[in-house]
Amino acid sequence: MPPLPFMQEDSLVDALLAGLARPIVFVDLETTGSDATADRITEIGVVEASTAGIERWSVLVDPGMPVPPFVARLTGIDDAMLRGQPSFESLAPALAERLHGKLFVAHNARFDYGFLKNEFRRAGIAFRADTLCTVRLSRALFPSVERHGLDALIARLNLAPQGRHRALADADLLWQFWQKIHELYSQELVDAAVKALVRRASLPAALPEGALDALPSSPGVYLFHGDDDVPLYVGKSINLKQRVGAHFSGDHRLAKDLSISQAIRRIDYRETVGELGALLLEAKLVKELQPVHNRLLKRAAATCAWQWLPGAPAPTLLRASKRDLSREPHLFGVFSSRAKAHAFMRHLADEHKLCPATLGIEKAPPGKLRGCFGYQVRRCLGACAGAESLADHAARALDALEHTRVVRWPHEGSVAIAEYDAGTGGEAWHVIDRWCYVGTCGARDGIAAVLADAPELRPFDADVYALIARRIASGELEWIACDARPSFSLVVQEAAMVSEKRVGTRRRVPFKPVTNVGQLGLLG
Ligand SMILES: [Zn+2]
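For clarity, every value in this text was computed on a predicted model and none was experimentally measured. (Residues numbered from 1 in each chain as written. Predicted model: local features only at pLDDT ≥ 70, side-chain atom pairs only at ≥ 80, totals over all residues. Heavy atoms only, no water.)

### What about the sheet that holds strand β13 (residues 415–420)?
So, point 1. Across the sheet, 4 strands lie side by side as β15-β14-β13-β16; this open sheet has antiparallel pairing. Each end of this open sheet is capped by a strand with a single partner; those strands are β15 (436–441) and β16 (479–481). Each adjacent strand pair in this sheet contributes to an overall mean axis angle of 25°, direction not counted.
So, point 2. As paired elements, β13 and β16 share 3 bridges and run antiparallel to each other. What sits directly across from Val 415, in β16, is Ala 481.
So, point 3. The strands that helix α18 (residues 462–473) touches are β13, β14 (427–433), β15 and β16; relative to β13, the one it contacts most, it runs at about 85°. (Pairing = 2+ DSSP bridges. Helix = DSSP H or I, 4+ residues; strand = E, 2+ residues; numbered from the N terminus. Axes fitted to C-alpha atoms, helices over the stretch in contact; angles between N-to-C directions. Contact = heavy atoms within 4.5 Å.)

### Examining helix α13 (residues 338–352)
So, point 1. With 15 residues, α13 extends 21 Å between its outermost C-alpha atoms, agreeing within 8% with the 21 Å of an ideal straight helix rising 1.5 Å per residue.
So, point 2. For α13, the complete set of buried residues consists of Ala 341, Phe 344, Met 345, Leu 348 and Ala 349. Taken end-on, α13 shows its buried residues confined to a sector of 140°, consistent with a single buried face. Exposed residues on α13 whose side chains face more than 90 degrees from its buried face are Ala 339 and Glu 351.
So, point 3. Among the structural elements, β10 (304–307), β11 (316–319), β12 (331–335), α14 (356–359) and α16 (390–401) are those in contact with the buried residues of α13.
So, point 4. Phi turns positive one or two residues past the end of α13, at Lys 353, with a value near 55°. (Expected span 1.5 Å × (residues − 1). Buried < 20%, exposed > 50% of the residue type's maximum accessible area, 1.4 Å probe, protein only. Arc of directions from axis to C-beta.)

### A short note on the coordination of the zinc ion
So, point 1. For the zinc ion, the full set of protein donor atoms is Cys 355 (SG), Cys 372 (SG), Cys 380 (SG) and Cys 384 (SG), at a range of 2.2 to 2.4 Å.
So, point 2. Considered as a linear motif, the donors of the zinc ion on their single chain read C-x16-C-x7-C-x3-C. On the criterion of sequence distance, the pair formed by Cys 355 in the loop between α13 and α14 and Cys 372 in the loop between α14 and α15 (373–376) is long-range, its members being 17 residues apart. (Donors = N, O, S within 2.8 Å, 3.2 Å for Na, K, Ca; no water.)

### Observations regarding the pairing of strand β5 (residues 103–106)
So, point 1. Of the two faces of β5, the one lined by Leu 103 and Val 105 and the one lined by Phe 104 and Ala 106 are each fully buried.
So, point 2. Note: strand β2 (residues 24–31) against β5, 3 bridges, orientation parallel. Bridge pairing links Val 25 to Phe 104 in β5.
So, point 3. Bridging between β5 and strand β6 (residues 131–133) involves 3 bridges; their strand directions are parallel. Among the inter-strand pairings, Ala 106 is bridged to a residue of β6, identified as Cys 133.

Below you can see the structure in the form of structure tokens.
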């Protein structure tokens, strides 16, 4: 089906096309009859409108069955014309590609969409599209008018048919109708009517029917997989079915959702008793699977925090790969990289007229009297030049840092945090040690086994810290202390660190400490 590109010069058309959020396909089909299961398609006509312009194409299809005489008389398409034309099956892959992701507009859309879905199904392709019916649209925009058939629209709106009951001619009438309503009504009004009438495809094309029905309405974690079972996305919700549905039924304002819809092949899920369990499992799976569309959380090996010991003139940066940050005193901020830690400290210096040279994030000035560059331009109060005492400087800096103070792991060993589901009576015990998630069991007497089975952990998981620290310290969570603890490793594996680097998934994140845990009186 060769495309027939044709640009209209009309400025309304230009404005219409330029304003399209996504391409629209105006579709009309001719068929052997009106039964979408027994009858077959004989002709497909499509007018495609996109920011690239207008494209028209049509194709005759061998239906593999005779055309009833009364249909042949109406459309002018008879058996002789269809002999030797391609079958739908042979056209299906290219057609699916052409229609993919575009708004499907047809007059009495249920008919055309239903026929196409059935034909695609016979060809082994699951076809789904967001659809808009121009009969309904006409009814919404012209509520006092009784007739909304194509002939009525032609007469009432002065459309110019290029023929009738042939697919491309009828599809073109829909495109004319689309232009006409934009002449008659404001963009806002048309948009509102369209938004109310578009029927969203409930599922991405590649997912089997019922994929959503298989999900429970309970809390848990869901996983989207793409080709070759590549993990695309991990998410959590207190209602799996609802949340997963929302990914696909939205109007794809999020580029991520659209991109996931196109790539997804399979949905997997794990139920949890509550939200906390879902959050912990989500963080764990994101780290393990590194799905394409998850913002990579903290890379464990690069996690670091500033340590400012009492009496010291400046902080030093401690890396989680070298030190157990869960046990270190006087830590401030948790950062996912050295660069972010430095950017944060620089920002703090700017805000509070601290001295970057004295803080150790800038080279010390050569001559003691001149001071750092910031001092020259009055952005540093002069700890570097003797204009401010080091003690005063440190006191001001620590004041500014206090809100980022890291909560030390406040227990001798592990703790198990309880979570209950009042509805089902289910319970879960999440075992945490040194701000690491060890595992979950369904009853208290399972805790020992969780600890015994735990893999060797690297202490201080920044994600778990962010989820738990404030809540455990504030008494919001019910927990019990455990006797045993899993084994921890502080061995730095350079090779492993290199392999954790992933190209193309890193994003710029504003320099902010990962958490703001205030003074909680837990620091031993
Ligand atoms: Zn200075």
